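Breakdown of the fold
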Amino acid sequence: MSAGDEWGVVFPEVGGSRSSTVTGAAILAAAVRGWDPYQADRIVAAGNWRTEYLDHYVAVTAAGARGGAPVLGIATDGLAAMRRMLHHRGDSGEVPLDRLDWPTTVTAKTVTVHGESSPARELSVPYHGGRLSGSALRDQLCRWRDLGVVEPGFADAVQRVIDDPSLLALPGRQVALIGAAAEMGPLEPLSEWGADVLALDVPMRAVADRIAGIARRGAGSVTVPQRDSDSAAGLDVAAAVGEAGAWIQAAADKPLVLGMYGYADGPRHVTLTAAADLIATRLLAQRPGTALAYLGTPTDAYLVPGDIVDGTRPLPGRGGRLTAATCDGLRTISRGRMGRRAYPVTHAGPGGSRWGVADMMLPMQGPNYALAKRLQRWRALTATAAGHPVSITVAPAAWTRSVTRNPTFEIAYSGAEFFGVQIFPPDTARYLMAAKLVADLAAPVPDRDGQPEALLYADAAHGGFWRQPYDPKSVLPLVAALGLGARGSRAARKILGRS
């Protein structure tokens, strides 16, 4: 893309183009420089960032094993680097984000759609064509917990909402959703539960119609920005970050929850995340009591404690087809290439603690996706440390439209289910994640015992990736073969060539 094609939050011009590769690597190097200079130098020296970024993100994750100081230090320095290195391009020129002069005027009008239904009286989660509630939902949460599909903290959090359904509508709060139409976002369940929502997404007719339809079928209110009566409702947050932030400020009349659920392909995912982060920090500074909400991706690298590392042995009744003996056989046949044991390396932490890195980063997602999700994690960590309420949950893999449209992911997900990893129906995942958001907002900021990364691992719903006896990435060829048999697609060849 040429340097003159973009508007709003942009990557800086490097050699005549706006290179997300160069700037993305520089942000990660700056994040870790003060805490692991050797790793920062390795990032700078990387020859091909698009193929080498995976190992570097894993190494930066592992640096957090040394304690809370490096975790928060890397997050703080990374966010500062993002503000220095990314730019805003507008009518008055181009400046780094940390020098942006925010506009305060709002040109978009406000339109509110009220739901036509009655609010739900209990937590009810769609599941394979039916609904789970009450004891049936509790039993299913316990099964997922016992199978290692979700961590105990996740099951406990959702059960708190089953116990107190008055929490569902988020009384006394207003929720501003960036990427409101996202398939994994909470707009539909929150509307069903009677919540008050400010919805921002791109001004496209199909997107606006989806949001309006959800609002009408729901039981709450959904307020959207609209520039004029002839255009679709919505604002492109990355392109109009100042106006989007000012609109939220003007439309909000209760304590806010700002949820970032937006996605875009390639570099736009990073610039959208950066724009959402600008809005988040402004709201935190100007509106006390503002909460933040994010979803973590299961295909990332996470620091996990010794009890998860040691809890990877197959349990009776666990759905996976691989045992430790099978993994040993695969390693022997493949000369160590397949069936590697999970967490082959652990890292020493303060007080004799042991840590592993649950690494499910996949090359087909690319370095821009990795950076966008890491920026969101960094903001969640720093905001929590500053005492702000934050909800961030590692979500399970789900059969979303983006997955079923991508043959490579469709094959990988089809095969993963043979190994005890559960791929969730998207409506099930959506309602569970929304219930977890509600639970988090109702609870005080917990004491994380000196390890901020507990915000991510203590109540994750990773789908089983973290609890397998083998490294899931080391069985990708077998996953592809079984997925091919289950679904049938030539995309399996892509996985076979990348493992």
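Values in this document were obtained by computation on a predicted structure and should not be read as measured data.

Definitions and limits used
- Residues numbered from 1 in each chain as written.
- Predicted model: local features only at pLDDT ≥ 70, side-chain atom pairs only at ≥ 80, totals over all residues.
- Heavy atoms only, no water.
- Pairing = 2+ DSSP bridges.
- Helix = DSSP H or I, 4+ residues; strand = E, 2+ residues; numbered from the N terminus.
- Axes fitted to C-alpha atoms, helices over the stretch in contact; angles between N-to-C directions.
- Contact = heavy atoms within 4.5 Å.
- Salt bridge = Lys/Arg side-chain N within 4 Å of Asp/Glu carboxyl O.
- Buried < 20%, exposed > 50% of the residue type's maximum accessible area, 1.4 Å probe, protein only.

The strand order across the open sheet formed by 7 strands is β6-β11-β10-β9-β12-β13-β17, and the pairing between neighbours is mixed. The open sheet has two edge strands with one neighbour each: β6 (109–114) and β17 (390–394). Put simply, the sheet's adjacent strands are angled 20 degrees from each other on average, direction ignored. Looking at chain direction, β6 and strand β11 (residues 221–226) are connected through 6 bridges and run antiparallel. When the sheet's bridge partners are listed, T110 is paired in β11 with P225. Here helix α8 (residues 205–217) sits on the sheet and contacts β6, β10 (196–200) and β11; the angle it forms with β6, its principal contact strand, is near 45 degrees.

The subject of this paragraph is the sheet that holds strand β1 (residues 8–10). Taken together, 3 strands build an open sheet; the order of strands is β1-β4-β5 and the sheet is antiparallel. In this open sheet, the two strands that pair with only one neighbour each are β1 and β5 (93–96). Mean inter-strand twist for the sheet, computed between neighbouring axes without regard to direction, equals 30 degrees. Taken together, the 4 bridges between strand β4 (residues 87–90) and β5 define a ladder with antiparallel strand orientation. Across the sheet, H87 pairs through a bridge with P96, a residue of β5.

This paragraph deals with the pattern of salt bridges. Going through the model one piece at a time under the given rule, you end up with 19 salt bridges. Notably, a salt bridge pairs R138 with D163, separated by 2.6 Å at the nearest N-O pair. Residue R138 is found in helix α5 (residues 134–146), and its partner D163 is found in helix α6 (residues 152–163); the two are separated by 25 residues along the sequence. Residue E243 is joined to R227 by a salt bridge in which the shortest nitrogen-to-oxygen separation is 2.8 Å. Linking E243 in helix α9 (residues 241–251) with R227 in the loop between β11 and α9, this pair joins segments that are 16 residues apart in sequence. For E243, a relative accessible area of 12% translates into the label buried. Sharing partners across several salt bridges, the network here consists of D300, R374, R377 and E453.

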